[in-house]
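For reference, the chains in residue letters:
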Amino acid sequence: MFDDWKNAWRQAVENFQREVHGGDDHAPPRVRAMERELVSAAGALGKLDDEIRRTRRSLDAEREALEACRRRGELARNAGDDETVRIAGEFAVRHEERAAVLTRKLAVLEDERSLLDRDIGEMRQLVTEAGQAQTADSGIGTGGNAGGASTFDDEAAARDRDFSRLEQDARERAAAERLEELKRRMQG
């Protein structure tokens, strides 16, 4: 289970990175694809949360079984039943070992969840930036040429579009760099 969601998460991040680096001039589909990857990553996080809940339940059950074995062993000791004391001791050791493994597993899952949650936050930020870049690139707010406007206005609008495109390129490069860093952290 742990490997399944981890592979799903890596695939989502790789797909997200491909979308950012795609170089596609059609930003709306790109932004939609990035949003789909974000939803996929959030789904992987949900699966991880489920695994954490299952691990906690298993840990609680092992701890309860451990306490039950200890009580049985104590009762058997008081009753002079050496065979039951021995069996209860063996089972207590097994439950204690399982509880220790589950405790470590839970700690790792919670650490991984923190990392994934942070990565999703960064992905959300990148999606927001990509959406803003698309808005800037579409010419919204650049002031169109109303009939009869001067050539100066046309040139200013063209410069605004060029500047917006340069800003978008810079944001995309920054997003790509952050995704590379994310990928390095996940693979490391």
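Residues numbered from 1 in each chain as written. Predicted model: local features only at pLDDT ≥ 70, side-chain atom pairs only at ≥ 80, totals over all residues. Heavy atoms only, no water.

## A closer look at the overall build of the protein chain
Working step 1: Counting its secondary structure elements, the protein chain contains four helices and zero strands.
Working step 2: From first element to last, N terminus to C terminus, the protein chain shows the α and β order α-α-α-α.
Working step 3: Of the roughly 11,500 Å² of accessible surface on the protein chain, 50% is carried by carbon and sulfur atoms. (Helix = DSSP H or I, 4+ residues; strand = E, 2+ residues; numbered from the N terminus. Areas by Shrake-Rupley, 256 points an atom, 1.4 Å probe, with all protein chains shown as cover.)

## Comments concerning the pattern of salt bridges
Working step 1: Overall, the coordinates contain 13 salt bridges when judged by the stated rule.
Working step 2: Measuring nitrogen to oxygen at the nearest pair gives 3.0 Å for the salt bridge that ties glutamate 51 to lysine 105. Of this pair, glutamate 51 sits in helix 2 (residues 27–79) while lysine 105 sits in helix 3 (residues 82–137), and the two are 54 residues apart along the sequence.
Working step 3: For arginine 118, the salt bridge is made with aspartate 119, and the minimal N-O distance between the two is 3.9 Å.
Working step 4: When salt bridges that share partners are traced, they join Asp49, Arg113 and Asp117 into one network. (Salt bridge = Lys/Arg side-chain N within 4 Å of Asp/Glu carboxyl O.)

## Comments concerning the environment of arginine 54
Working step 1: Relative to the assigned elements, arginine 54 resides in helix 2.
Working step 2: With 52 residues separating them along the chain, arginine 54 and leucine 106 place their C-alpha atoms 9.6 Å apart.

## Quick look at the nonpolar core
Working step 1: If you look at the biggest cluster of nonpolar residues, it comprises 26 residues, and the most contacted ones within it are Trp9, Ala41, Leu48, Leu116 and Ile120.
Working step 2: Going through the elements one at a time, helix 1 (2–21), helix 2, helix 3 and helix 4 (151–187) are the ones with two or more residues in this core.
Working step 3: Ranked by residue count, the leading element in this core is helix 3, at 10 residues. (Core = buried A, V, L, I, M, F, W, Y, C linked by side-chain atoms within 4.5 Å. Buried < 20%, exposed > 50% of the residue type's maximum accessible area, 1.4 Å probe, protein only.)

## Re the confidence of the model for the protein chain
Working step 1: Looking at the protein chain, the pLDDT average stands at 78 and 71% of residues meet or exceed 70.
Working step 2: In this model, residues 23–27 is a region of pLDDT below 50 whose contacts with residues beyond four sequence positions or in other chains number four contacts.
Working step 3: Contacts of residues 140–150 to residues separated by more than four positions or lying in other chains number six contacts, the stretch itself having pLDDT below 50. (pLDDT = per-residue confidence, 0-100. Contact = heavy atoms within 4.5 Å.)

## As for the side chain of aspartate 49
Working step 1: Among the secondary structure elements, aspartate 49 is positioned in helix 2.
Working step 2: In this structure the side chain of aspartate 49 is engaged in a polar contact, spanning 2.6 Å, whose partner is the side chain of arginine 113. (Polar contact = N/O pair within 3.5 Å; in protein donor to acceptor, adjacent residues only side chain to side chain.)

## Regarding the environment of histidine 95
Working step 1: Within the secondary structure, histidine 95 is located in helix 3.
Working step 2: Its relative accessible area of 13% is what places histidine 95 among the buried residues.
Working step 3: Taking the C-alpha atoms as reference points, histidine 95 and arginine 63, separated by 32 residues in sequence, lie 7.1 Å from one another.
Working step 4: Setting aside residues up to four positions removed in sequence, histidine 95 forms contacts with Glu62, Ala65, Leu66 and Cys69.
Working step 5: There is a polar contact of 2.6 Å between the side chain of histidine 95 and the side chain of glutamate 62.

## With respect to the side chain of glutamate 62
Working step 1: Within the secondary structure, glutamate 62 sits in helix 2.
Working step 2: No salt bridge is formed by the buried glutamate 62; its nearest oppositely charged neighbour, arginine 98, is found at 4.2 Å.
Working step 3: Beyond its immediate chain neighbours, meaning those up to four positions away, glutamate 62 contacts His95, Arg98, Ala99 and Leu102. (Lys, Arg positive; Asp, Glu negative; His and termini not counted.)

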